[in-house]
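# Architecture at a glance
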Amino acid sequence: MTAPMSESTRTIEELTSADYEYGFSTDLETDIAPPGLDESVVRLISSKKDEPEWLLEWRLKAYAAWREMEEPDWAKLEIAPIDYESISYWAAPKQKPVLDSMDDVDPDIREMFDKLGIPLHEQKMLSNVAVDAIVDSVSVTTTFKATLLEAGVIFCSFSEAVKDYPDLVREHLGSVVPVRDNFFAALNSAVFSDGSFCYIPKGVRCPMELSTYFRINSMNTGQFERTLIVAEDDSHVSYLEGCTAPQRDENQLHAAVVELVAKDRAEIKYSTVQNWYPGDENGVGGIYNFVTKRGRAHTDAKISWTQVETGSAITWKYPSVILQGDRSIGEFYSVALSCRRQQADTGTKMIHIGKDTTSTIISKGISAAHGQNTYRGLVKILRSAENARNYTQCDSLLLGKECGAHTIPYIEVKNPTAQVEHEASTSTVGEDQLYYCRQRGMTEEDAMSMIVNGFCREVFNELPMEFAVEAQLVGISLEGSVG
Amino acid sequence: MLHVNNLTAAIGGKQILNDLNLEVGDNEIFGLLGPNGSGKSTFAHALAGRDGYDITGEVTLDGADLLDMEPEARAAAGVFMGFQYPVEIPGVNNMYFLRTALNSVRRARGETEVGARDFLNVSKKAMDLVEMKEDFLYRSVNAGFSGGEKKRNEILQMAIMEPRLAVLDETDSGLDIDALRIVAGGVNALRSPERSMVVITHYQRLLDYIKPDFVHVLVDGRIVKSGDHTLALHLEANGYADFENDLGDASEQSFAGAQS
Ligand SMILES: Nc1ncnc2c1ncn2[C@@H]1O[C@H](COP(=O)(O)OP(=O)(O)O)[C@@H](O)[C@H]1O
Ligand SMILES: [Mg+2]
């Protein structure tokens, strides 16, 4: 007889096409603006949110700027044209307006978050993680607000911040990502709906992890959230965001802006686990994820970005640090996974301005099926940045023959004292590794997941401790999408 | 426990194993010797289920047909292979790997999984056996291990997996004398009435430490000679040259390790 070994061994290709487990949608009664964008829509959003005049002016300026701008086309992405007139720019679940207590959360919304594994009851949650839950355009609840306020920490939805802390918002909004920064940032500035606001006062170590969970639910809507984190001198905060969306055949646009301000000796650790719907294996549907994330680090401050990007049809994202103050530190740890027909063009910019500034970039790109993964990074050392140092390591893992990995580092050094180090590697999951694990009893799927997780280890290690469980979950979701 | 009947293996049309017949009984240690390229590793992989070979014949373990099974099912059935070239898995903690392996076979057999704390106890005992320090558990699987550490890690895995049949492929090669003593000590300690081992080696020196019940000599994919451990000594003195001429009638011989 002939052993069926070669036929029965499933190929890596097959292993990479598993289901998206967050693809369900919830029937929520929703208030949606008609599709299309003009000044009146900007005014509508602003009035729905009962905003002050200065903010409406700011939005209108952004809108005017956006009209003049064009989509950036330098990324290695093939994108079907986006029809900005067919998108609805405002969608909010209709629910009880009072949200002072968690118990007021609409049961349907609560159930939706339960299904996503994010219980919104304070008793049921990890006791040291506060969550801001955002559905489509609005924040539906923020947990542990009171506990945090005792420590002086403000953690609330952006809309509330505009009402309750207008001066803080006005001072910092657009201070790191100006309105005209790029096409998508300008669009976001014009129509942003909600997001999270965090303020850590001087000398305070935030007593718990802060997190925001973004959920797109409605059809044909864009999500434009805006997050602002301000850490005063000598403060410390760790923040995590997670994102999912239902499985739909049309593409949905997500254009967010995140601004971080780390004042002297402050530290902000910002982690993202992005799992928007990636589209199907033929490239139908999926989220277009165009995100501008940037932080400004003042003297002796530290900003650390950690991202695990497994979802979205298109990812265009370069979380960056302006190392403005002397001895400031910037870090970027990234895992980007592209399978099915996903395309990711992601990386970072480290702009060294201050003396003795240090940046570290660790990027792990995984490409499977027909996925395309590009690391694009800029390390810029200005003349003023005496003794700046950068270490960059970009590793690519290819699972299959139809996928691609690309590494595009830009290095601009204007100060001769700079030390810039760049390492890159490309590897594959070897048949011998899979066989070794299987000989030890693991299924091919478990083995693949373990090997891929191992490849990402340095980045996963950077996720906050409280999310160690979550990191394990990432393992499982990787299993879903990779192995 | 293990029956091998007329096993042949070819790769890319090239015949590597020819009509192998073997019987391994309970609690037996079985030496498989042969020059480089004679097919020893191929034999081990054929038992473990590596992809890419064209295999004919019959192999059963405790009556179960191994050739029909995926590698992980064979592992669950009790087959353990000590690799000649253990594979590196960067970023995967050795302890996590070991526990996942153990629990994978336990799950497949319908047994309860071993929790983290119990596992630590299990692994401590196994570590003592191969004289490894605890930090070993927290390093990535085989990544940056010395040759000797890799082989000791294989024995550690065997100790934890408690297989029914262990096939150790050149676990001695590349070891200095101390490491050899440790590896052999581990193997001897793991002898059990419920376990049999096939010890594959290129040199006989491992068999100075591990006394096999039977020795088979593989040349060009055929068993050309079988005997007890004295055969190994003979080989040490005379090399394989004696057997290279015997090939003509090798296939007629039925050198099974007698009782099963
Ligand atoms: N993947 C392969 N492709 C072609 N020939 C192979 C392959 N693997 C092993 N061989 C050949 O099969 C023969 C036996 O190899 P092997 O089983 O590794 O021998 P041993 O372990 O006894 O040194 C050798 O001639 C070797 O070159
Ligand atoms: Mg060999």
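Residues numbered from 1 in each chain as written. Chains lettered and ligands numbered in written order. Predicted model: local features only at pLDDT ≥ 70, side-chain atom pairs only at ≥ 80, totals over all residues. Heavy atoms only, no water.

### What about the sheet that holds strand 5 (residues 64–65) of chain B?
Residues and elements named next belong to chain B. The 4 strands lie next to each other as 2-1-4-5, forming an open sheet whose pairing is antiparallel. Looking at strand neighbours, the two that pair on one side only are strand 2 (14–24) and strand 5, the edges of this open sheet. Two strands pair when backbone bridges link them, and strand 1 (residues 2–11) and strand 4 (residues 54–61) are joined in this way by 7 bridges, in the antiparallel orientation. Across the sheet, the residue bridging to Ala-9 is Ile-55, located in strand 4. On top of the sheet, helix 1 (residues 40–48) reaches strand 1, strand 2 and strand 4; it is set at about 110° to strand 1, its chief contact. (Pairing = 2+ DSSP bridges. Helix = DSSP H or I, 4+ residues; strand = E, 2+ residues; numbered from the N terminus. Contact = heavy atoms within 4.5 Å. Axes fitted to C-alpha atoms, helices over the stretch in contact; angles between N-to-C directions.)

### What about the site of ligand 1?
All names here are of chain B. Around ligand 1 lies a shell formed by Ile-11, Lys-14, Ile-16, Pro-35, Asn-36, Gly-37, Ser-38, Gly-39, Lys-40, Ser-41 and Thr-42. The contact in question runs from an oxygen atom of ligand 1 to an N or O atom on the side chain of Lys-14, over 3.1 Å. At 2.9 Å from an oxygen atom of ligand 1 is found a main-chain nitrogen or oxygen belonging to Lys-40. If ligand 1 stood free it would expose 560 Å²; the protein chains cover 61% of that surface. Those elements that provide at least two residues to the shell around ligand 1 are strand 2 and helix 1. Tallying contributions element by element places helix 1 first for the shell around ligand 1, with 3 residues. A per-class count over the shell around ligand 1 returns 3 nonpolar, 6 polar and 2 charged. (Near = heavy atom within 4 Å. Polar contact = N/O pair within 3.5 Å; in protein donor to acceptor, adjacent residues only side chain to side chain. Areas by Shrake-Rupley, 256 points an atom, 1.4 Å probe, with all protein chains shown as cover. Nonpolar A, V, L, I, M, F, W, Y, C, P; charged D, E, K, R; others polar.)

### Regarding the confidence of the model for chain A
All names here are of chain A. On average, chain A scores 84 in pLDDT, and the residues at 70 or more come to 82%. The secondary-structure element of chain A with the lowest mean pLDDT is helix 1 (residues 5–8), recorded at 28, while strand 15 (residues 320–323) shows the highest, at 98. Between residues 1–17, whose pLDDT stays under 50, and residues either more than four places distant or in other chains, the model counts 46 contacts. (pLDDT = per-residue confidence, 0-100.)

### Some thoughts on the side chain of Thr-348 of chain A
Residue and element names in this part refer to chain A. Within the secondary structure, Thr-348 is located in strand 17 (residues 343–352). Its relative accessible area of 1% is what places Thr-348 among the buried residues. Non-local contacts of Thr-348, meaning those with residues more than four positions away in its chain, are made with Tyr-318, Pro-319, Ser-320, Phe-332, Ile-361, Tyr-375, Arg-376, Gly-377 and Leu-378. (Buried < 20%, exposed > 50% of the residue type's maximum accessible area, 1.4 Å probe, protein only.)

### Structural notes on the interface of chain A and chain B
The partner chain B presents 40 residues to the 27 residues of chain A that form the contact. Between chain A and chain B, the buried area comes to about 2,900 Å², and carbon and sulfur atoms account for 57% of it. At the boundary of chain A with chain B, the tally comes to 3 salt bridges. Between Glu-72 of chain B and Arg-438 of chain A there is a salt bridge, with its nearest N and O atoms 2.7 Å apart. Counting only elements with at least two residues in the side of chain A that touches chain B, the list comes to helix 1, helix 10 (431–439) and helix 11 (444–460) of chain A. Split by residue class, the side of chain A that touches chain B holds 11 nonpolar, 10 polar and 6 charged. (Buried area = accessible area lost by both parts, 1.4 Å probe. Salt bridge = Lys/Arg side-chain N within 4 Å of Asp/Glu carboxyl O.)

### Points about the coordination of the magnesium ion (ligand 2)
A four-donor tetrahedral metal ideally has 109.5 degree angles, and a six-donor octahedral metal ideally has angles of 90 or 180 degrees. Residue and element names in this part refer to chain B. The coordination sphere of the magnesium ion (ligand 2) contains the protein donors Ser-41 (OG) and Gln-84 (OE1), at a distance range of 2.0 to 2.2 Å. Taken together, the positions of Ser-41 in helix 1 and Gln-84 in the loop between strand 6 (79–82) and strand 7 (89–93) put the pair 43 residues apart, joining distant regions of the chain. A relative accessible area of 21% places Ser-41 in the partly exposed class. (Donors = N, O, S within 2.8 Å, 3.2 Å for Na, K, Ca; no water.)

### Re the pattern of salt bridges
Counted by the stated rule, this structure contains 30 salt bridges over all chains. Arg-327 of chain A is the salt-bridge partner of Asp-300 of chain A, the closest N and O atoms lying 2.9 Å from each other. With a gap of 27 residues between them, Asp-300 of chain A in the loop between strand 12 (286–297) and strand 13 (302–309) and Arg-327 of chain A in the loop between strand 15 and strand 16 (329–338) connect regions that are remote in the sequence. According to the relative accessible area criterion, Asp-300 of chain A is partly exposed, its value standing at 31%. Judged by its relative accessible area of 40%, Arg-327 of chain A is partly exposed. Residues Glu-88 of chain B and Lys-150 of chain B are paired through a salt bridge, measuring 3.1 Å at the closest nitrogen-oxygen approach.

### Some points on the sheet that holds strand 9 (residues 165–169) of chain B
Strand pairs in the sheet, formed through backbone hydrogen bonds, run parallel or antiparallel to each other. All names here are of chain B. Spatial strand order, 6-9-10-3-11-12: 6 strands in an open sheet with mixed pairing. Strands with a single pairing partner mark the edges of an open sheet, and in this sheet they are strand 6 and strand 12 (222–227). Taking each pair of neighbouring strands and ignoring which way they run, the sheet shows an average axis angle of 20°. The sheet contact formed by strand 11 (residues 214–219) and strand 12 spans 5 bridges and is antiparallel. Counted as the bridge partner of Val-215 is Gly-227 from strand 12. Strands in contact with helix 5 (residues 147–161) are strand 6, strand 9 and strand 10 (196–201); relative to strand 6, the strand with the most contacts, it is inclined by about 165°.

### A look at the environment of Leu-397 of chain A
Residue and element names in this part refer to chain A. For Leu-397, the position within the fold is in strand 20 (residues 389–399). For Leu-397, a relative accessible area of 4% puts it in the buried group. Linking Leu-397 and Asn-373, residues 24 residues apart in sequence, is a C-alpha distance of 9.8 Å. Look past the residues within four positions of Leu-397 in its chain and what remains in contact with it is Gly-365, Ile-366, Ser-367, Ser-427, Thr-428, Val-429, Val-452 and Phe-455.

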